[in-house]
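Below are the chains, spelled out letter by letter.
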Amino acid sequence: MSLALGVNIDHIATLRQARRAGFPDPLAFASLALACGADYIVVHLRRDRRHIQEHDLARLCKKFRKQIHLECSYTPQMQEAALKYKPYSVCIVPELPGEVTTTGGLKFTPAVQKRVGEMTQALHKKGIKVSLFVSPEAADIRAAAKLGADIVELCTRDYSEAATKKQAQKLLQDLALSTLLAKELGLEVHAGHGLDYNNVLAVADIGGMACMNIGFSIIARSLEVGLPSAVAEMKELL
Ligand code: PXP
């Protein structure tokens with residue numbers, strides 16, 4: 001069975017924000033991506049609003065609610081935005097000031113567990129599925145299950161940045177074992193971060209994975225071949 005593809009369109013908004021212009025419009029590109037094989041549209045509403053804005057989220061959820069996967073941190077402000085616009089699912093991620101992109105999975109300190117647990121319950125009350133972005137480590141997957149998550153998104157950043165083939169193999173093994181454990185605990189398994197046309201197949205081949213969330217490489221490729229082909233090429237690989 002083919003895997004679902006979530007296309008992250010943050011960088012369409014990054015380009016627009018570079019000029020504070022009215023285009024390119026993330027909604028138009030979401031339509032294109034969905035028409036060309038994307039199963040979900042992923043957007044990260046960041047505290048610094050460097051790309052996706054709240055009005056983008058509002059329009060996306062109004063038009064494609066069942067296919068919108070929102071990434072956000074666990075602050076009360078982000079919880080409020082998620083409850084207001086009601087995307088299909090929310091992936092709770094850690095967010096550090098000044099980071100270029102998300103740097104890794106959630107660190108489950110007692111305070112983080114409390115906050116993420118509260119946010120998970122609030123989202124569930126509105127019928128929103130909850131995904132937690134985690135490192136491929138058994139303790140973190142168990143923590144996610146305990147907090148009531150529906151989905152874990154395994155962070156593939158270390159795998160995508162592996163310096164040697166041997167390291168990549170070891171990290172793939174961690175991802176495979178984590179997938180097995182997550183499935184045993186009743187969680188749906190997604191993967192994302194740093195995946196591209198060359199490294200995605202090995203992750204997609206791990207049995208039990210349900211969805212790959214990919215942004216940067218698809219948007220970069222779209223500059224060469226256009227978004228429809230960039231999305232279709234990735235979907236074909238999966
Ligand atoms: N998944 C999560 C949780 C992310 O934070 C990101 C980056 O926004 C992605 C997937 C997509 O990563 P990339 O843009 O490297 O494909």
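Before reading further, recall that the structure is shown in the block above.
None of these values were measured; they are calculated from a predicted model.

The rules behind these values
Residues numbered from 1 in each chain as written. Predicted model: local features only at pLDDT ≥ 70, side-chain atom pairs only at ≥ 80, totals over all residues. Heavy atoms only, no water. Helix = DSSP H or I, 4+ residues; strand = E, 2+ residues; numbered from the N terminus. Rg over C-alpha atoms; globule rule 2.2 N^0.38 Å. Contact = heavy atoms within 4.5 Å. Areas by Shrake-Rupley, 256 points an atom, 1.4 Å probe, with all protein chains shown as cover. Core = buried A, V, L, I, M, F, W, Y, C linked by side-chain atoms within 4.5 Å. Buried < 20%, exposed > 50% of the residue type's maximum accessible area, 1.4 Å probe, protein only. Phe/Tyr/Trp six-rings, centres within 6.5 Å; stacked < 30°, edge-to-face > 60°. Disulfide = S-S within 2.5 Å. Polar contact = N/O pair within 3.5 Å; in protein donor to acceptor, adjacent residues only side chain to side chain. Near = heavy atom within 4 Å. 1 Å grid on protein atoms, 1.4 Å probe; cavity = no way out; pocket = protein on both sides within 12 Å on 5 of 7 lines; lining within 4 Å. Sits in = over half its atoms within 2 Å of the grid points. Nonpolar A, V, L, I, M, F, W, Y, C, P; charged D, E, K, R; others polar. Patch = residues over 30% accessible without salt bridge, like charges linked within 9 Å, V, L, I, M, F, W, Y side chains within 5 Å. Salt bridge = Lys/Arg side-chain N within 4 Å of Asp/Glu carboxyl O. Lys, Arg positive; Asp, Glu negative; His and termini not counted. Charge placed at Lys NZ, Arg CZ, Asp CG, Glu CD. Pairing = 2+ DSSP bridges. Right-handed = clockwise from strand over helix to strand, strands pointing away. Axes fitted to C-alpha atoms, helices over the stretch in contact; angles between N-to-C directions.

**Details of the overall build of the protein**
In terms of helices and strands, the protein carries eleven helices and eight strands. Against the compact-globule benchmark of 18 Å for 238 residues, the protein has a radius of gyration of 17 Å, which places it among compact chains. Counting only C-alpha atoms and orienting by the principal axes, one finds that the protein spans roughly 45 × 40 × 35 Å. Here the contacts in the protein between residues at least 6 apart in sequence split such that 66% fall between residues at least 24 apart. Only carbon and sulfur atoms are counted for the fraction: they give 55% of the accessible area of the protein, which is about 11300 Å².

**What about the nonpolar core?**
By size, the foremost hydrophobic cluster in this structure holds 71 residues, and its most contacted members are Leu132, Met212 and Ile218. For this core, the element with the most residues is helix H8 (residues 165-184), which contributes six residues. Discounting residues that sit within four places of it in the chain, Ile218 has contacts with Leu5, Val7, Tyr197, Leu227, Ala230, Val231 and Met234.

**A few points about the packing of aromatic side chains**
Where two aromatic rings form a pair, the distance of their centres and the angle of their planes describe that pair. Within the structure shown, the criterion is met by one aromatic pair. Ring centres 5.9 Å apart and planes at 20 degrees place the aromatic pair Tyr40 and Tyr88 in the stacked group. Residue Tyr40 is found in strand S2 (residues 40-44), and its partner Tyr88 is found in the loop between helix H4 (76-85) and strand S4 (89-92); the two are separated by 48 residues along the sequence. The partly exposed category is assigned to Tyr40, whose relative accessible area is 22%.

**Some points on the environment of Gln169**
Locating Gln169 in the fold gives a position in helix H8. As for Gln169 and Leu238, which are separated by 69 residues in sequence, their C-alpha atoms are 19 Å apart.

**As for the state of the cysteines**
The full count for this structure, using the stated rule, is zero disulfides. This cysteine, Cys61, is not joined by any disulfide, and Cys72 carries the nearest cysteine sulfur, 11 Å off. We classify Cys61 as buried; its relative accessible area is 6%. In this structure Cys211 is not part of a disulfide, and its nearest cysteine sulfur, from Cys91, lies 10 Å away.

**Observations concerning the side chain of Gln53**
By secondary structure assignment, the location of Gln53 is in the loop between S2 and helix H3 (54-64). Of the polar contacts made by the side chain of Gln53, one reaches the backbone oxygen of Arg49; its length is 2.8 Å.

**Some words on the site of the ligand**
Close to the ligand lie 14 residues; Thr102, Glu153, Gly194, Gly215 and Phe216 are nearest. Within the contact set of the ligand, an oxygen atom lies 2.8 Å away from a backbone nitrogen or oxygen of Gly215. In the model, an oxygen atom of the ligand is placed 2.9 Å from a nitrogen or oxygen of the Phe216 main chain. Notes on the ligand: free accessible area 400 Å², of which the protein chains cover 94%. If you map the ligand onto the pockets, it falls in the largest pocket. A breakdown of the residues in the shell around the ligand according to their chemical character gives four nonpolar, eight polar and two charged.

**Quick word on a positive patch on the surface**
Judged by side-chain charge, Arg65, Lys66, Lys86 and Lys126 come together as a positively charged surface patch. On the basis of relative accessibility, which here comes to 32%, the residue Lys86 falls in the partly exposed class.

**Considering the pairing of strand S6 (residues 151-155)**
Within S6, five of the five residues are buried, leaving the element largely enclosed by the surrounding structure. Burial along S6 is two-sided: the residues Ile151, Glu153 and Cys155 and Val152 and Leu154 are all buried. As paired elements, strand S5 (residues 129-134) and S6 share four bridges and run parallel to each other. Note that in S6 the partner of Phe133 across the bridge is Glu153. Note on the crossover from S5 through helix H6 (residues 138-146) to S6: the handedness is right-handed. Note: S6 against strand S7 (residues 188-192), five bridges, orientation parallel. Its bridge partner lying in S7, Leu154 is registered against Ala191.

**Notes on the sheet that holds S5**
Ordered in space as S1-S2-S3-S4-S5-S6-S7-S8, the eight strands form a closed barrel in which the pairing is parallel. Averaged over all pairs of adjacent strands, the angle between strand axes in this sheet comes to 25 degrees, irrespective of strand direction. The pairing of strand S3 (residues 68-72) with S4 spans four bridges and is classified as parallel. Bridged to Leu70 within S4 is Val90. Packed onto the sheet, H6 meets S5 and S6 and runs at close to 160 degrees relative to S5. Across the face of the sheet, H8 comes into contact with S6, S7 and strand S8 (209-214) while running at roughly 170 degrees to S6.

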